[in-house]
Amino acid sequence: MKLVSAGLVFGVAMTAMASSALAADAQRTSFGKLNDGTPIEKVTLTNDHGMSVSIMTLGAAVHTLKVPDRKGHIDDVVLGYDTPAEYLADPQYFGASVGRFANRIAKGKFTLDGKTYQLDVNDGPNSLHGGADGFDKRVWKIDSVKSGPIASVTMSYDSPDGQEGYPGDLHVTATYSLGKENTLKIVYKATTDKPTIVNISNHSYWNLSGAQATVGAMHDILTLNASHFTPIDSTLIPTGKIESVEGTPFDFRKPTRIGLRVRDGSSEQIRYAHGYDHNFVIDGQVGKVRQMARLEDPKSGRVLEIWSDAPGLQFYSGNFLDGTMLGKGQHLYREGDAVVFEPQLFPDAPNHPNFPSATLNPGQTYSNTIEFKFSTEK
């Protein structure tokens, strides 16, 4: 009996080891072409708990992310398009890796080491997400694709000195990984050959009810671990102040329905952004991966937690989705259909000495670690 039992235990252990070794899979496939004939590839990471995520080489962008709801039904929960060409024809930064500087820089200008640089201006008077041809419009190179206990893909892009007005040759990598837990981990890294500024983040639009659901994200319950935020002017540029969220529509320290105050016209800040499009100063130690936000969809039971080591989190309530964008499955995207969470440095940081620095020097490595953790509640 002891020998048989030992054999059974060994067999079970070997089966468990084999199952663990195959916990996540990575598949590399074609994803069509751009209008100029440039081929686009896609890598799909899949685990054995019902989660999969596809990342395309255009913009190192999340194209689909599928997770189960409380009943086990699997939906794609990120907005996007069906073809690569559509991402360039009507750019909304769907799922993209945005940079060289995510978010806005006032009038597209900053000074570094006594020299003033003029960036591409593509958002009213300001520069947004690296300019009109930022990282989201570039075709990234696939460096590695791995299956195993953790499936991953690493993509890279080399941004030359002067591109969109930024100084320095910048080498950027984006590593997406998925293990047995339903957590998508993204690690951005960058190095430069001369002083420059860097701020890279992911710009996925989330609708936890499903990207093609008939309801948007305004009914979702949001918690932000932020006691302060950076107020903006009428062009959505931070004023430089850091203010308490206490007594304002920006207090999400307790679970609050997003739509409760998104149309609070008594708030000048809400009027400026047509809703939420603000940077929150996340509590806790900068440089340590910590929970920034928690989003719960009462309808599906899906829960999304956002973790990162960045100092700030841009929360955008999809205010400029105007119903003209025909997304995946010919679904029209309207205001409030999805929300965006961008862990990052503060907007316009190079122009505010009191903000965490965005300067990257030769010999240093920029890094931003982001984790999107999924679960369900009954």
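Residues numbered from 1 in each chain as written. Predicted model: local features only at pLDDT ≥ 70, side-chain atom pairs only at ≥ 80, totals over all residues. Heavy atoms only, no water.

## Digging into unusual backbone geometry
(1) Moving on: Residues G99 and R100 are joined by a peptide bond in cis, for which omega reads 15°.
(2) Moving on: You can see R100 is positioned in the loop between β6 (96–98) and β7 (104–105).
(3) Moving on: The residue Y93 is not glycine, and still its phi comes out positive at about 65°.
(4) Moving on: Although it is not a glycine, H129 sits at a positive phi angle of roughly 50°.
(5) Moving on: You can see H129 is positioned in the loop between β10 (127–128) and β11 (141–146).
(6) Moving on: For H129, a relative accessible area of 4% translates into the label buried. (Helix = DSSP H or I, 4+ residues; strand = E, 2+ residues; numbered from the N terminus. Buried < 20%, exposed > 50% of the residue type's maximum accessible area, 1.4 Å probe, protein only.)

## Concerning the confidence of the model for the protein chain
(1) Moving on: In this model, the protein chain carries an average pLDDT of 94, and 94% of its residues clear a pLDDT of 70 or more.
(2) Moving on: For the stretch residues 1–20, pLDDT sits under 50, and the model shows two contacts to residues farther than four places along the chain or on other chains. (pLDDT = per-residue confidence, 0-100. Contact = heavy atoms within 4.5 Å.)

## Focus on the pattern of salt bridges
(1) Moving on: Taken as a whole and judged by the stated rule, the model has 14 salt bridges.
(2) Moving on: As a salt-bridge pair, R294 and E377 come within 2.7 Å of each other at their nearest N and O atoms. Pair noted here: R294 is in strand β23 (residues 290–296) and E377 is in the segment after β30 (366–376), with a separation of 83 residues, a long-range link.
(3) Moving on: Within the structure, one salt-bridge network assembled from shared partners comprises R104, D123 and D277. (Salt bridge = Lys/Arg side-chain N within 4 Å of Asp/Glu carboxyl O.)

## Notes on the sheet that holds strand β13 (residues 170–178)
Where strands meet in a sheet, backbone hydrogen bonds hold them as pairs that are either parallel or antiparallel.
(1) Moving on: The strand order across the open sheet built from nine strands is β11-β12-β13-β14-β30-β24-β23-β18-β21, with neighbouring strands paired in antiparallel fashion. Either end of the sheet is taken by a strand with one partner, and the two such strands are β11 and β21 (256–257).
(2) Moving on: Where strand β18 (residues 221–224) meets β21, two bridges bridge the pair, whose relative direction is antiparallel. Directly across from L222, in β21, lies its bridge partner T256. (Pairing = 2+ DSSP bridges.)

## Some remarks on the side chain of S267
(1) Moving on: Note that S267 resides in the loop between β21 and α3 (268–273).
(2) Moving on: Ignoring any residue separated from it by four or fewer positions in sequence, one finds S267 in contact with P249 and F250.

## Side note on the packing of aromatic side chains
(1) Moving on: The tally for this structure, following the rule as stated, stands at 21 aromatic pairs.
(2) Moving on: Note on F94 and Y205: the rings are 4.8 Å apart at their centroids and 70° apart in plane angle, and the pair reads as edge-to-face. Taken together, the positions of F94 in the loop between α2 (84–89) and β6 and Y205 in strand β17 (residues 205–206) put the pair 111 residues apart, joining distant regions of the chain. Note on accessibility: F94 and Y205 belong to one class, buried.
(3) Moving on: With a centroid separation of 5.3 Å and 70° between ring planes, the pair formed by F252 and Y276 is classed as edge-to-face. Note that F252 is positioned in the loop between β20 (243–244) and β21 and Y276 in the loop between α3 and β22 (277–282), a separation of 24 residues in sequence. As far as the burial class goes, F252 and Y276 line up, both buried.
(4) Moving on: Grouping aromatic residues by their ring pairs yields a cluster made of Y81, Y87, F94, Y205, Y316, F320 and Y333.
(5) Moving on: The side chain of R261 reaches across the aromatic face of F252, ending 5.1 Å from its centre.
(6) Moving on: Across the ring face of W307, the terminal group of K373 is positioned such that the distance to the ring centre comes to 3.8 Å. (Phe/Tyr/Trp six-rings, centres within 6.5 Å; stacked < 30°, edge-to-face > 60°. Lys NZ or Arg CZ within 6 Å of the ring centre and 35° of its normal.)

## Notes on the sheet that holds strand β19 (residues 226–230)
(1) Moving on: Pairing is antiparallel in the open sheet, where six strands are placed in the order β17-β28-β25-β22-β19-β20. Lying at the two open borders of the sheet, with one neighbouring strand each, are β17 and β20.
(2) Moving on: Sheet topology places β19 next to β20; two bridges connect them, and they run antiparallel. Paired with H228 across the strands is S244, a residue of β20.

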